[in-house]
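Residue-level structural notes
Below are the chains, spelled out letter by letter.
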Amino acid sequence: EVSLEESGGGLVQPGGSLRLSCAASGFTFSSYAMSWVRQAPGKGREWVSGIDTAGRTYYVDSVKGRFIIFRDNTKNTLYLQMNSLKPEDTAVYYCTKAPTTWSTRESDYWGQGTQVTVSS
């Protein structure tokens, strides 16, 4: 059974940093693209970043230069390093698994999400 468990969310001041983690199990982690998707209060889901099996990374324009996605296939873990956080980054962040090696914009499994709140 596929399982994705996020951690690392919390309350941070504007300009601060957080690192999200996603522990994956139940599938061959190294064989699938992965992504992070967020949902802000009162808004729809927004794709944030993705990484394919070759390590190529992709970002929504609003986080380019501030967020870094990476994966550790030896630990079956996906990460999102978030720097220079802004109040508009406040959202629930979901880790998702793609159905292929390359489709970083598609998701067939989702974690439960972790709350990130950026506020002074």
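If you're wondering where the values come from, they're calculated on a predicted model, not measured in any experiment. Every residue gets a number counted from 1 within its own chain, in the order that chain's sequence is written. Where local features are concerned, this predicted model is filtered to residues with pLDDT of at least 70; where side-chain atom pairs are given and counted, the filter is 80 or more; whole-chain, interface and lining totals use all residues. Each side-chain value is worked out from all heavy atoms of the structure, with water and hydrogens disregarded.

**Observations regarding the pairing of strand 8 (residues 77–82)**
The line we're drawing: Note on exposure labels: buried denotes an accessible area under 20% of the residue type's maximum, exposed denotes more than 50%, and partly exposed covers the range between, all computed with a 1.4 Å probe on protein chains only. Numbered from the N terminus, helices here are DSSP runs of H or I no shorter than four residues, and strands are runs of E no shorter than two. In this analysis, strands are considered paired if DSSP registers two or more bridges between them.
The element strand 8 is extensively covered by neighbouring structure, given that six of its six residues are classed as buried. Residues of strand 8 alternate between two faces, with Thr77, Tyr79 and Gln81 on one and Leu78, Leu80 and Met82 on the opposite face, all of them buried. Note: strand 3 (residues 18–25) against strand 8, six bridges, orientation antiparallel. Paired with alanine 23 across the strands is threonine 77, a residue of strand 8. Bridging between strand 7 (residues 67–72) and strand 8 involves six bridges; their strand directions are antiparallel. Across the sheet, isoleucine 69 pairs through a bridge with leucine 80, a residue of strand 8. Linking strand 7 to strand 8, which pair antiparallel, is a turn of four residues; within it asparagine 76 sits at a positive phi near 50°.

**Considering the packing of aromatic side chains**
How two aromatic rings sit relative to each other is given by the distance of their centres and the angle of their planes. What counts here: For this analysis, a ring pair means two rings from Phe, Tyr or Trp (six-membered ring only for Trp) whose centres lie within 6.5 Å, classed as stacked if their planes differ by under 30 degrees, edge-to-face if by over 60, and tilted for the remaining angles. Comment: the charge-over-ring label is applied if NZ (Lys) or CZ (Arg) is within 6 Å of the ring centre and within 35 degrees of the ring normal.
Summed over the entire model, instances satisfying the criterion amount to four aromatic pairs. With a centroid separation of 5.9 Å and 75° between ring planes, the pair formed by phenylalanine 27 and tyrosine 32 is classed as edge-to-face. When the centroid spacing of 4.8 Å and the interplanar angle of 15° are considered together, the rings of phenylalanine 70 and tyrosine 79 count as stacked. Looking at tyrosine 79, the relative accessible area reads 13%, which means it is buried. Aromatic ring contacts, followed pair by pair, group Phe27, Phe29 and Tyr32 into a single cluster. The ring of tryptophan 47 has arginine 105 sitting right over it, with the charged end atom 3.6 Å from the ring centre.

**Regarding the environment of serine 119**
Applied cut-off: Note on contacts: a residue pair is in contact if any heavy atoms of the two residues lie within 4.5 Å.
Note that serine 119 resides in the segment after strand 11 (114–118). In this structure, the C-alpha to C-alpha distance between serine 119 and leucine 85, residues 34 residues apart in sequence, is 9.4 Å. When neighbours within four sequence positions are excluded, serine 119 is seen to be in contact with Leu11, Val12, Gln13 and Pro14.

**Notes on the pairing of strand 11**
Residues Thr114, Val116 and Val118 point to one face of strand 11 and are all buried, whereas Gln115 and Thr117, pointing to the other face, are not buried. Here strand 2 (residues 10–12) runs beside strand 11; their pairing, made up of three bridges, is parallel. Along strand 11, the bridge assignment pairs glycine 10 with valine 116. As judged from the three bridges shared by strand 9 (residues 91–97) and strand 11, these two strands associate in the antiparallel manner. Bridging from a neighbouring strand, alanine 91 pairs with valine 116 of strand 11.

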